[in-house]
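Architecture and fold: a report
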Amino acid sequence: MKEAVVRASGAPRVVEPIVVGVDGSGSSLRAVDWAADEAALRGVPLRLVYASLWERYEGESLAEDVGKPSEQVRAEDIVRTAARRAALRRDGVPVTTAVLPEEPEYALVREGHTACALVLGTRGRSGVVELLLGSVGLAVAAHADCPVIVVRGAHDNQVRAGTAGRVVVGVGEQGADSAALRFAVREASLRGATLEAVRAWRCPAHENTDHPLLAGEPARLHEQQAAEVLEHALKGVPEDVDLRRDTVEGPARRVLVNASHGADLLVVGARRRPGHRGLQLGRVSHGVLHHSACAVAVVPERV
């Protein structure tokens, strides 16, 4: 299938697709549903990618009927099934597929170089390909150049996007320059959803006092500072966005996980330090990926 292009000032440019990591699990199929909806909202193509080093485990073992490694045959069947599911979900969204004999985390991070977003399920099948948080999913979220959306599971094997009409974003130290905030604003606008901007705050233990006349002062000061940070960060949000501001006392991980209940999407930022090879995923992002009640988008923040 030809790559989708749009015209800008008379010159064509490639439209970045939404890339989905698929492995045949129910979780990855739910990710396909989410990604198909997202592609339709954005007007971009969908790319379904299966990656596995099957040759390392199977050697030259071939499927008798087609003369290909049996894992490759299975992988091709998986991406065809995923493509059919995407077409049924959102007819008209262009879909391409790829089966790559590579480590999944490396393949998906590379695919993210030319994607507008990567979408993964929370938990894959056991074995060679395991889109399981703590391994491939965390590695991709920690290293991708583009936003990574991790779709939480559902008992009925379905994803119903946009049912809550609410997008939550954690507002950190990046303030108005936050890529996560810009991403959340766009997602809320695409969905016609309320954008809930949350700033967590805490009163340091050494400022607490047991004196009844002073006990509330440190807390009020820190809450006021949080409100000021939040207001400054949101000054550029378009007026047509239905915006809700929320300052909440407590650890950011707990505050955001609580806010994720009844939301369509939780958006957090992850700092990217040039030249740093280790996992670039903070405690807050790590925590919400494991415990959020809704899909989580991890958006790279350059420092």
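Here the structure is a predicted model, which means the values were calculated and not measured.

1. Re the overall build of the protein
Each helix and strand in the protein was counted, giving 9 helices and 12 strands. Counting across all 303 residues of the protein, residues that qualify as buried make up 47%. Here the protein displays about 15200 Å² of accessible surface, and carbon together with sulfur accounts for 49% of that area.

2. A look at the sheet that holds strand 5 (residues 95–100)
Here we have 10 strands laid out as an open sheet, ordered 5-4-3-6-7-12-11-8-9-10, and mixed in their pairing. Single-partner strands in this sheet number two, and they are strand 5 and strand 10 (243–249). The average angle at which neighbouring strand axes cross in this sheet is 25°, direction not considered. Looking at chain direction, strand 9 (residues 194–201) and strand 10 are connected through 7 bridges and run parallel. Within strand 10, the residue paired with alanine 197 across the bridge is arginine 245.

3. Description of the packing of helix 4 (residues 104–111) against helix 5 (residues 136–143)
One way to put it is that helix 4 packs onto helix 5 with a least axis distance of 9 Å and a crossing angle of 30°. As judged from the angle between their axes, helix 4 and helix 5 are roughly parallel. Remark: the crossing between helix 4 and helix 5 carries right-handed chirality. Of helix 5, the residues touching helix 4 (which contributes Pro104, Glu105, Leu108 and Val109) are Val136, Ala139, Val140 and His143.

4. Some details on helix 5
Counting buried positions along helix 5 yields 7 of 8 residues, so the element is predominantly enclosed. Where helix 5 is concerned, the buried positions are Val136, Gly137, Leu138, Ala139, Val140, Ala141 and Ala142. Where the residues of helix 5 are buried, they touch helix 4, strand 6 (117–121), strand 7 (148–151), strand 11 (265–272), helix 9 (283–291) and strand 12 (295–302).

5. A word on the state of the cysteines
According to the stated counting rule, one finds 0 disulfides in the structure shown. Of all cysteine sulfurs in the structure, the one in cysteine 116 sits closest to cysteine 146, which takes part in no disulfide; the separation is 7.5 Å. Look at cysteine 146 and you get buried, because its relative accessible area is 3%.

6. Regarding the nonpolar core
One finds Val20, Leu46, Val119, Ile149, Leu265 and Val267 to be the most contacted residues of the largest nonpolar core, which totals 49 residues. Look past the residues within four positions of valine 20 in its chain and what remains in contact with it is Ala31, Val32, Ala35, Leu46, Arg47, Leu48, Val49 and Val119. Within the second largest apolar cluster, 36 residues are counted, among which are Val109, Ala270, Cys294 and Val296.

7. Focus: a positive patch on the surface
A contiguous patch of positive charge, built from Arg202, Arg253, Arg254 and Arg283, is present on the exposed surface. Among the secondary structure elements, arginine 283 is positioned in helix 9. With a relative accessible area of 66%, arginine 283 lands in the exposed category.

8. Observations concerning helix 6 (residues 179–191)
One turn of an α-helix holds 3.6 residues; hence residues three or four places apart share an orientation. Along its 13 residues, helix 6 runs 18 Å from first to last C-alpha, staying within 8% of the 18 Å computed at 1.5 Å per residue. Sitting at the head of helix 6, serine 178 places a side-chain oxygen 3.2 Å from the backbone nitrogen of alanine 180.

9. Let's talk about the pattern of salt bridges
This model, assessed by the stated rule, comprises 15 salt bridges. Residues arginine 42 and glutamate 187 are paired through a salt bridge, measuring 2.9 Å at the closest nitrogen-oxygen approach. With a gap of 145 residues between them, arginine 42 in helix 1 (residues 26–42) and glutamate 187 in helix 6 connect regions that are remote in the sequence. A single burial state applies to arginine 42 and to glutamate 187, both of which are buried. Salt-bridge contacts for glutamate 173 lead to arginine 199; the nearest nitrogen and oxygen are separated by 2.9 Å. One end of the pair, glutamate 173, is in the loop between strand 8 (166–170) and helix 6; the other, arginine 199, is in strand 9, with 26 residues separating them in the sequence. What makes glutamate 173 exposed here is its relative accessible area of 59%. Arginine 199 gets classed as buried once you look at its relative accessible area, which sits at 11%. Linked by salt bridges that have partners in common, Asp33, Asp37, Arg85, Arg89 and Arg90 make up one network.

10. A look at the side chain of arginine 42
Among the residues examined, arginine 42 registers a relative accessible area of 13% and is labelled buried. Polar side-chain contacts of arginine 42 include one of 2.9 Å to the side chain of glutamate 38. In contact with arginine 42, not counting residues within four places along its chain, are Ile18, Cys116, Phe183, Arg186, Glu187 and Leu190.

11. Notes on the confidence of the model for the protein
Mean pLDDT over the protein works out to 82, with 76% of the residues at or above the 70 mark. Predicted confidence is poor over residues 1–8, with pLDDT under 50, and the contacts of this stretch with residues over four places away or in other chains come to 18 contacts.

12. Digging into the environment of alanine 227
Relative to the elements of secondary structure, alanine 227 occurs in helix 7 (residues 217–233). For alanine 227, a relative accessible area of 33% translates into the label partly exposed. Each C-alpha atom, one on alanine 227 and one on alanine 200, is 9.6 Å from the other, the two residues being 27 residues apart in sequence.

Basis of the calculations
- Residues numbered from 1 in each chain as written.
- Predicted model: local features only at pLDDT ≥ 70, side-chain atom pairs only at ≥ 80, totals over all residues.
- Heavy atoms only, no water.
- Helix = DSSP H or I, 4+ residues; strand = E, 2+ residues; numbered from the N terminus.
- Buried < 20%, exposed > 50% of the residue type's maximum accessible area, 1.4 Å probe, protein only.
- Areas by Shrake-Rupley, 256 points an atom, 1.4 Å probe, with all protein chains shown as cover.
- Pairing = 2+ DSSP bridges.
- Axes fitted to C-alpha atoms, helices over the stretch in contact; angles between N-to-C directions.
- Parallel < 35°, antiparallel > 145°, perpendicular 65-115°, else oblique.
- Left-handed = near helix turned anticlockwise from the far one by under 90°.
- Contact = heavy atoms within 4.5 Å.
- Disulfide = S-S within 2.5 Å.
- Core = buried A, V, L, I, M, F, W, Y, C linked by side-chain atoms within 4.5 Å.
- Patch = residues over 30% accessible without salt bridge, like charges linked within 9 Å, V, L, I, M, F, W, Y side chains within 5 Å.
- Salt bridge = Lys/Arg side-chain N within 4 Å of Asp/Glu carboxyl O.
- Lys, Arg positive; Asp, Glu negative; His and termini not counted.
- Charge placed at Lys NZ, Arg CZ, Asp CG, Glu CD.
- Expected span 1.5 Å × (residues − 1).
- Polar contact = N/O pair within 3.5 Å; in protein donor to acceptor, adjacent residues only side chain to side chain.
- pLDDT = per-residue confidence, 0-100.

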